Amino acid sequence: ESWSGRVNSAVQGATEIFIDGAPSSEFSTRRGSVLENGPVVEAVAEYAVVANAFNAEFGGFGSWFTTVTLKSGTNTVHGKVYDYFGNDKLNARNFFQGPVQQKLRQNEGGFQVGGPVYIPKVYDGRNRTFLFFSQGLYYARLGGTGGLQTAPRADFKSGDFSKFLNASGVQIPIFDPQTTKADGNGSFIRTQFPGNVIPPSRISSASAKIASLIPTPDLPTQTNNWFNRTGAFPYFNTFTSIAKLDHSISSKQKVSLTYQNQWRPRLINSNGWGNFANVVSGLPAEPDVLEGFQLQTVTSQTWRLNHDYIFSARVLNHFTAGADRYVNPYTNTSVGKGWDKALGITGLPEDLGAFPQILFNGGTGLSNTLGLPSNGLGAQTRYSLNENVTVIHGRHALKFGFYHWRYANNSRNQSNTAGQFTFNNQQTSQPNSSNLNSWGSSFASFLLGEVSSANTTLQSTTGYRSYSYSLYAQDDWRVTSKLTLSYGLRWDNAPPLHEVHDQLSSFSPRSEEHT
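Note that this is a predicted model, so its numbers are computed, not measured. (Residues numbered from 1 in each chain as written. Predicted model: local features only at pLDDT ≥ 70, side-chain atom pairs only at ≥ 80, totals over all residues. Heavy atoms only, no water.)

Let us now look at the overall build of the protein. On a plain count of helices and strands, the protein comes out with five helices and 25 strands. Whereas a compact globule of 515 residues would reach a radius of gyration of roughly 24 Å, the protein reaches 30 Å, over 25% beyond that. Dimensions of the protein, computed from the C-alpha atoms along their principal axes, are close to 95 × 70 × 45 Å. For the protein, the proportion of its 515 residues judged to be buried stands at 43%. Restricting the contact set of the protein to residue pairs at least 6 apart, pairs at least 24 apart contribute 70%. Roughly 25900 Å² of accessible area belongs to the protein as shown, and the carbon and sulfur atoms make up 56% of that amount. (Helix = DSSP H or I, 4+ residues; strand = E, 2+ residues; numbered from the N terminus. Rg over C-alpha atoms; globule rule 2.2 N^0.38 Å. Buried < 20%, exposed > 50% of the residue type's maximum accessible area, 1.4 Å probe, protein only. Contact = heavy atoms within 4.5 Å. Areas by Shrake-Rupley, 256 points an atom, 1.4 Å probe, with all protein chains shown as cover.)

As structure tokens, this is what we get:
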């Protein structure tokens, strides 16, 4: 299942996926997706997408859903070892890629075994007790594409913009924001820096320190002079363990237990700088600080209990209990390194010592983004119960059932506590000029500390809770050998979610007592 699956133009997330009878999608992250908590394909026995009008047993989501049944053991012992191998040495170079081929090292393998539970002289589970085990092993390294980005040249980092040129080879003027004054016509005017050079005394101390971290461009050009050093993921591993036990208690009663555990560590790239930030005396030695790497180790567990009891040839009871746990810590690797003190950035109320994010926009020669703001933790737990009875009465197959789920979503947001600072060329351009958007430089504004916008986030911890109850009745009436009518009724009760510390508020303009 993809991250944002759609069928028949349905809204993203308006679906559900059932694994061994119970809902299993990443409910809050992306409902209907199991991209970060699903089983390996080799462990799947059956996969079905239901997109037509479905019966009353299913509801509370959109117009389609997916069911997945995992493999079970059989009377015969079966095993499998597999590996899907990927390597850039086996790949053809993209025509537009240039001389640099993207590095790829990938192994998607594992093993599985299934059969009867048999312990010599102790227990013979043939025809009665079966076990299936699967271990998925995924290792991937994807290098940089070598695509060109922009890094400021040494002369720009020192404040010398005398060779800062437009596409026609004409110098782009840098204006001093401190000289801003009224022009007598209802607007303002500024004076260009002499020689288009910013004096060293005017360069912000924090900006000078950050600029010293930026590596030397690979090419002498003004723009598109730095080869992207990182790919989609510097490393990405996934280990998925599945165990399934099926047992026939008697000819009338069967039980099935499923457990899945997944560990998914990966390092997510951000800006393309790689591990090439300069090591500068007096600043934390963190070569990957400009890249903004994010360490994410997702863990998930899935439990299933299915029980069937045959009361008679016409009455069958089925019960499913499910529990799913999904934990997603996304950690900024620069947190706790003391960058606030090293750069001299003060006034941020909950700074955790991470490197701030620096953004550039507007004008010519935009520098690549510096740093990453993301940092936090998300944890989701969902329990579900489904109890139904099927009764065969003449030409009618009747099903009556009860369905209930409870969902908890706890999160800790510590993103952007070190601040996000955006610099625009207009801070060093000429106000009310036809060249406002083309003169000036966002990097020159950065050196001067002339921020276009800045923001920070206060840490927050939330715990959302929601639940749902459902009753349903379904009848499949076989009118003739060629005609079957399927109809039913379903009642759903899903109260609004609430926050455990009462941190939710709302405003209703129609209410006499506003909340």
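This paragraph deals with helix 3 (residues 205–213). Among the residues of helix 3, those classed as buried are A206, S207, I210, A211 and L213. The buried side chains of helix 3 occupy one side of the element, clustering within an arc of 150 degrees when seen end-on. Considering only its buried residues, helix 3 is in contact with helix 2 (154–157), helix 4 (339–343), strand 18 (357–361) and helix 5 (442–448). The backbone nitrogen of A206 has a side-chain oxygen 3.4 Å away, supplied by the residue at the start of helix 3, namely S204. (Arc of directions from axis to C-beta. Polar contact = N/O pair within 3.5 Å; in protein donor to acceptor, adjacent residues only side chain to side chain.)

With that settled, consider the packing of aromatic side chains. Considering all chains together, one arrives at 28 aromatic pairs under this definition. Judged by centre distance (5.6 Å) and plane angle (80 degrees), the ring pair of Y138 and F236 falls under edge-to-face. Linking Y138 in strand 9 (residues 129–143) with F236 in strand 14 (residues 230–248), this pair joins segments that are 98 residues apart in sequence. Judged by relative accessible area, which is 16%, Y138 ranks as buried. Since its relative accessible area comes to 10%, F236 is described here as buried. (Phe/Tyr/Trp six-rings, centres within 6.5 Å; stacked < 30°, edge-to-face > 60°.)

Across the sheet, which stays open at both edges, the three strands sit in the order 18-21-22 with mixed pairing between neighbours. Pairing within the sheet leaves two strands with one partner each, and these edge strands are strand 18 and strand 22 (453–455). Averaged over all pairs of adjacent strands, the angle between strand axes in this sheet comes to 15 degrees, irrespective of strand direction. Relative to strand 21 (residues 420–424), strand 18 runs parallel, the two sharing five bridges. Paired with F360 across the bridge in strand 21 is F423. (Pairing = 2+ DSSP bridges. Axes fitted to C-alpha atoms, helices over the stretch in contact; angles between N-to-C directions.)

Moving on to the nonpolar core. F161, L290, F355, I358, L370, F443 and F446 are the most contacted members of the largest nonpolar core, which totals 35 residues. Those elements that provide at least two residues to this core are helix 3, helix 4, strand 18, strand 21 and helix 5. Looking at this core element by element, the count peaks at five residues for helix 5. Setting aside chain neighbours within four positions, we find F161 in contact with F156, Q171, I174, N196, V197, I198, S441, F443, A444 and L447. (Core = buried A, V, L, I, M, F, W, Y, C linked by side-chain atoms within 4.5 Å.)

Our next topic: the side chain of T238. Positionally, T238 belongs in strand 14. When its relative accessible area of 11% is taken as the criterion, T238 is described as buried. Non-local contacts of T238, meaning those with residues more than four positions away in its chain, are made with G136, L137, Y138, Q262, W263 and R264.

Here we come to the pairing of strand 11 (residues 175–182). Across four bridges, the pairing between strand 11 and strand 12 (residues 188–192) is antiparallel. Looking across to strand 12, one finds that A182 is bridged to F188.

All right, on to unusual backbone geometry then. The phi angle at N127 is positive, at roughly 65 degrees, despite the residue not being glycine. Here N127 is to be found in the loop between strand 8 (123–124) and strand 9. For N416, which is not glycine, the phi torsion reads 65 degrees and is therefore positive. Looking at the element boundaries, N416 is found in the loop between strand 20 (396–413) and strand 21. We classify N416 as buried; its relative accessible area is 10%.

A few words on a nonpolar patch on the surface. A cluster of nonpolar side chains, W477, L483, L485 and Y487, forms an exposed patch at the surface whose accessible area comes to about 350 Å². Looking at the secondary structure, you find W477 in strand 23 (residues 460–478). Owing to a relative accessible area of 31%, W477 belongs among the partly exposed residues under this scheme. (Patch = residues over 30% accessible without salt bridge, like charges linked within 9 Å, V, L, I, M, F, W, Y side chains within 5 Å. Salt bridge = Lys/Arg side-chain N within 4 Å of Asp/Glu carboxyl O.)

Moving on: the side chain of K244. Following the sequence through the fold, K244 ends up in strand 14. With residues near it in sequence (within four places) discarded, K244 still touches D20, T69, L70, K71, S72, F130, L131, F132, S256, L257 and T258.

Right, let's get into the environment of A342. You can see A342 is positioned in helix 4. On the basis of relative accessible area, A342 is assigned to the buried category, the value being 14%. Each C-alpha atom, one on A342 and one on N185, is 45 Å from the other, the two residues being 157 residues apart in sequence. Aside from chain neighbours lying at most four places away, what touches A342 is K209, G282, L283 and P284.

With that settled, the discussion passes to the sheet that holds strand 1 (residues 17–19). With respect to topology, four strands assemble into an open sheet ordered 2-1-4-3, the strand pairing being mixed. Where the open sheet ends on each side, the last strands, each with one partner, are strand 2 (22–23) and strand 3 (44–50). In terms of strand pairing, strand 1 meets strand 2 through two bridges, oriented antiparallel. The partner of F18 across the bridge, within strand 2, is P23.

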